[in-house]
Amino acid sequence: MRCRLDSLSLIVCLHLLSIDGDDDKGERSQIGDTMTVAAGVGYVLIALGPALSLFASVIAKKPFLILTLLSSTLFWLISLIILAGAWRAFLPVKSTELWPYSILILTSVGFQEGIRIGFWRLFKKMEDMLNAFADRVSKPRLFLTDKMQLALAGGLGHGLAHAVFFCLSLLTPAFGPATFYVDKCPSIPFFLISAIIALGFVIIHTFSMVIAFNGYTEGKRKDQIFVPFAHLIAALITLINLVPGGCNIGLPLLCIMAGTTLYYSWQLVWRRLTEHQTTRSSD
Amino acid sequence: MDDRSADSDPVTAGESSILDTLGEDVIRIVSPVSLCMLLVVLLVSSLSSTNDLSSSISSLFLSSTTTPTSFSSLNLLLLGSDSTWEEIKSALVTAFSFVVVVTLLTFLLVLLFYFRCTNFLRIYMGISSLFVLSFLGGFISLLLISHFKIPIDPFTFAILLFNLSVVGVFAVFMPKFPISVNQGYLVAIGVLTAYWFTMLPEWTTWALLIAMSLYDLAAVLLPIGPLRLLVELAMSRNEEIPALVYEARPVDPQPGDRVRVWRERTDVRIEATENSTNSANVQTVQETRLAVSEEITAPLIEAFPQTGDRHLGTEEEEDGIGLGSSGAIKLGLGDFIFYSVLVGRAAMYDYMTVYACYLAIMAGLGVTLLLLAVYRKALPALPVSIMLGVVFYLLTRVLLEVFVVQCSSNLLMF
């Protein structure tokens, strides 16, 4: 891979590291090579481990969920491209002040949450089409668990897109023999930080989609407010990383946020399923 | 008690939801395309670290076989400069000549099919698969062996290569071969050809992709287009076109004979989409004339089995969303190859472009299948995906990369 981002010097460094790691000289020890591939694979698994297990256990079994995942990944990518296009004129931000970055974060999160409502409308249309199709082939309509699985697949698509574009695409030098540290965070390697942040956001995106779809379907304000709120807080937590040494605080807070989202979604789904069960048994 | 639990749990109730089987066919065609792209990306990223041996072998190969690549590099040599404008000009010339050659060959193919020389075509297809598997496969295996320093002696290598190529020819050539071996070898041929194409210079690759998608659009939709003539001929005669076609049949065997035959029934959906299949043949000729890569057309069709081993229920007559589970979708190998070429070329830049182009191609494939269900006639599968792929590549390279790197290098994510 050649160095392509000359404007950002640290990426140039990353590429020099990766080019050094390539096996041209031939006398490099085999152990050194495999260790580094192991490190790269380890970072990938940290970021994508839960996502992969969710995929294998829930989504891979039903082909339609795989298609939902792919389309929601595409959707997130398109929203990211639109954001990048809108912000292109102002980048690269050279200052080290907080406010340009906070505006960036606020606009991005606001845009994505607005898009989520549009995504939900599309989802409703798809549900109607599926129900019509089910009626025609005289099969049962979508169960509640089906709808929740669709929401899960949609959320996982978003989370996967986030992990891929923010973490995995920068992970190529991690497969080489060296590692890299950012100035603001000298205690943890850059790849590990981005992997852990990606992990947090995968969980947040996946389960906030479940919460959001349930909230919009039921019309409960509490759920509808929770999702943008959680997303915004999580994104603002990453602003702490701009402060030197801030990542030591920011990372655990982000994980706590992810855990909160997970817990909230768990409670919501549990409540919904038990309500559904009792209503069906009382009919 | 049991009723209550049975109602809430669809699985134990014995009723399966439609979500269980919907979209199966699409996934069965998406998986091999994704696998082919993944293999090409892996090959490109592992072999593109400029190993001296590989670059010397590739330059040797390119100069010894008269290929379009050599034409463009010859062009560059003659013009003596590698300025961007010269590259673009030579790329356009190469792409244009390639499309002209492909058009002529496809017309020749239509002519041969019209005169019922199907045996000749099948033998030719077999020889070209043998060529791809043995020569290209051997070349790429040599690159891999030299890069990863695999200890293997030449005799074992020759025996393995010979065996694998011959089995591959039989797998794609004979009709009753096990379907999973057939599918595997078709993917392998696609990977090898696509990797070979990514060795072209950059502007040439992009020009070629765009030219081929425009050609596909013209050849299938225009009334005089060769692919359209071919499909109409085959349908009128109820014959199968001899071509390299990936058939997304399920691997477990179905009862009864499954003869792949064209059908023209108005009550059942038959969508014939055509793409140029590359039995990409680079003929090493002693003369110095321009070698060509042949193409044999292949359709993207939803073929229905002849016997009634799958009941075509009322769902088949619906104006559904095109995701009915019936028969098998067939996709021409040329689609595999050109999609993988695009993704491979994106891999030479960055992984971010790879993901973006992969998603774009999948979206294009989905759109094509939807259009198929709506229009119910021959549709090309290349243009939508390639155009979306190129657009996304440009957008990612220009817009997205700076944005994402800016954010994540400051550890800001959302």
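The structure displayed is predicted, hence computed values, not measured ones. What you see as residue numbers is a count from 1 along each chain, following the sequence as written. The naming scheme follows written order: chains are lettered A onward, ligands numbered 1 onward. With the structure being a predicted model, the display of local features is reserved for residues of pLDDT at least 70 and the display and counting of side-chain atom pairs for 80 or more, all residues being used for whole-chain, interface and lining totals. The side-chain values count all of the structure's non-hydrogen atoms but skip hydrogen atoms and water molecules.

*Asks:* Looking at this model, I keep getting lost on the overall build of chain B. Mind explaining?
*Replies:* Every helix listed is a DSSP run of H or I at least four residues long, and every strand listed is a run of E at least two residues long, numbered separately from the N terminus. When helices and strands are counted, chain B shows 14 helices and four strands. Burial status follows relative accessibility: with a 1.4 Å probe on protein chains alone, a residue under 20% of its type maximum counts as buried, one over 50% as exposed, and anything between as partly exposed. Scored against the burial criterion, the 414 residues of chain B give a buried share of 56%. It only takes one pair of heavy atoms within 4.5 Å for two residues to be counted as in contact. Here the analysis covers contacts within chain B between residues at least 6 apart in sequence; of these, 79% occur between residues at least 24 apart. Looking at chain B as shown, the accessible area adds up to about 17400 Å², and 67% of this sits on carbon and sulfur atoms. Here the Shrake-Rupley method, with its probe set to 1.4 Å, supplies the accessible areas, and only the displayed protein chains count as covering residues.

*Asks:* How should I be thinking about the pattern of salt bridges in this particular structure?
*Replies:* A pair can form between side chains of opposite charge whenever their charged atoms are brought close. Every case where a carboxyl oxygen of Asp or Glu lies within 4 Å of a side-chain nitrogen of Lys or Arg is listed as a salt bridge. One pass over the structure, following the stated rule, counts 13 salt bridges over all chains. Here Asp146 of chain A ties to Lys62 of chain A by a salt bridge, and the two come within 3.8 Å at their closest N and O atoms. Of this pair, Asp146 of chain A sits in helix 5 (residues 144-166) while Lys62 of chain A sits in the loop between helix 2 (30-59) and helix 3 (63-87), and the two are 84 residues apart along the sequence. A relative accessible area of 2% places Asp146 of chain A in the buried class. For Lys62 of chain A, a relative accessible area of 14% translates into the label buried. For Glu24 of chain B, the salt bridge identified is with Arg28 of chain B, shortest N-O distance 3.9 Å. Taken together, the residues span about one helical turn, with Glu24 of chain B and Arg28 of chain B both in helix 3 (residues 24-47) at a distance of four residues. Among the charged side chains, a salt-bridge network with shared partners connects Glu218, Arg271, Arg272 and Glu275 of chain A.

*Asks:* What is the right way to read the UniProt feature "transmembrane region" (unreviewed entry) in chain A from this model?
*Replies:* All names here are of chain A. In this structure's numbering, the residues bearing the UniProt feature "transmembrane region" (unreviewed entry) are residues 37-57, 64-87, 99-119, 150-171, 191-213, 225-243 and 249-266. Annotation note: span residues 191-213, helix share 100%, strand share 0%, distance between end C-alpha atoms 33 Å. Taken end to end, residues 225-243 comprises 79% helix and 0% strand; its first and last C-alpha atoms sit 29 Å apart. UniProt positions are given in the numbering used here, feature names are shortened, and annotations may be inferred rather than shown by experiment.

*Asks:* Any chance you could explain the packing of aromatic side chains here in plain terms?
*Replies:* Working definition: an aromatic ring pair is given by the centre-to-centre distance plus the angle between the planes. All names here are of chain B. Two aromatic rings from Phe, Tyr or Trp, using only the six-membered ring of Trp, form a pair when their centres are within 6.5 Å; if the ring planes differ by under 30 degrees the pair is stacked, by over 60 it is edge-to-face, and anything between is tilted. The tally for this structure, following the rule as stated, stands at 22 aromatic pairs over all chains. Ring geometry for Phe98 and Phe197: centres 6.2 Å apart, planes at 90 degrees, overall edge-to-face. With Phe98 in helix 6 (residues 84-114) and Phe197 in helix 9 (residues 179-198), this residue pair connects regions lying 99 residues apart in the sequence. Neither Phe98 nor Phe197 differs from the other in exposure class; each is buried. Ring geometry for Trp196 versus Phe197: centroids 5.3 Å apart, planes at 80 degrees, classification edge-to-face. The exposure class assigned to Trp196 is buried, which follows from its relative accessible area of 5%. For Phe197, a relative accessible area of 3% puts it in the buried group. We note Arg237 situated over the ring of Phe113; from NZ or CZ to the ring centre the distance is 5.3 Å. Charge-over-ring placement is defined geometrically: NZ (Lys) or CZ (Arg) within 6 Å of the ring centre, and within 35 degrees of the ring normal.

*Asks:* Before we go on, may I ask you to explain unusual backbone geometry in this structure?
*Replies:* Residues apart from glycine generally show negative phi values, whereas peptide bonds are mostly found in trans. Residue and element names in this part refer to chain B. In this structure, Arg116 takes a positive phi of about 60 degrees despite not being glycine. Tracing the chain through its elements places Arg116 in the loop between helix 6 and helix 7 (118-148). The residue Leu411 is not glycine, and still its phi comes out positive at about 60 degrees. Within the secondary structure, Leu411 sits in the segment after helix 14 (382-409). For Leu411, a relative accessible area of 1% gives the class buried.

*Asks:* Just checking my understanding: could you explain the side chain of Ser134 of chain B for this structure?
*Replies:* All names here are of chain B. Within the element layout of this structure, Ser134 appears in helix 7. From its side chain, Ser134 meets the backbone oxygen of Leu130 in a polar contact 2.6 Å long. Residues contacting Ser134, with those up to four places away along its chain left out, are Leu161 and Ser165. Nitrogen and oxygen atoms within 3.5 Å of one another constitute a polar contact, given that in protein one can donate a hydrogen and the other can accept it, and given that sequence-neighbouring residues count only through two side-chain atoms.

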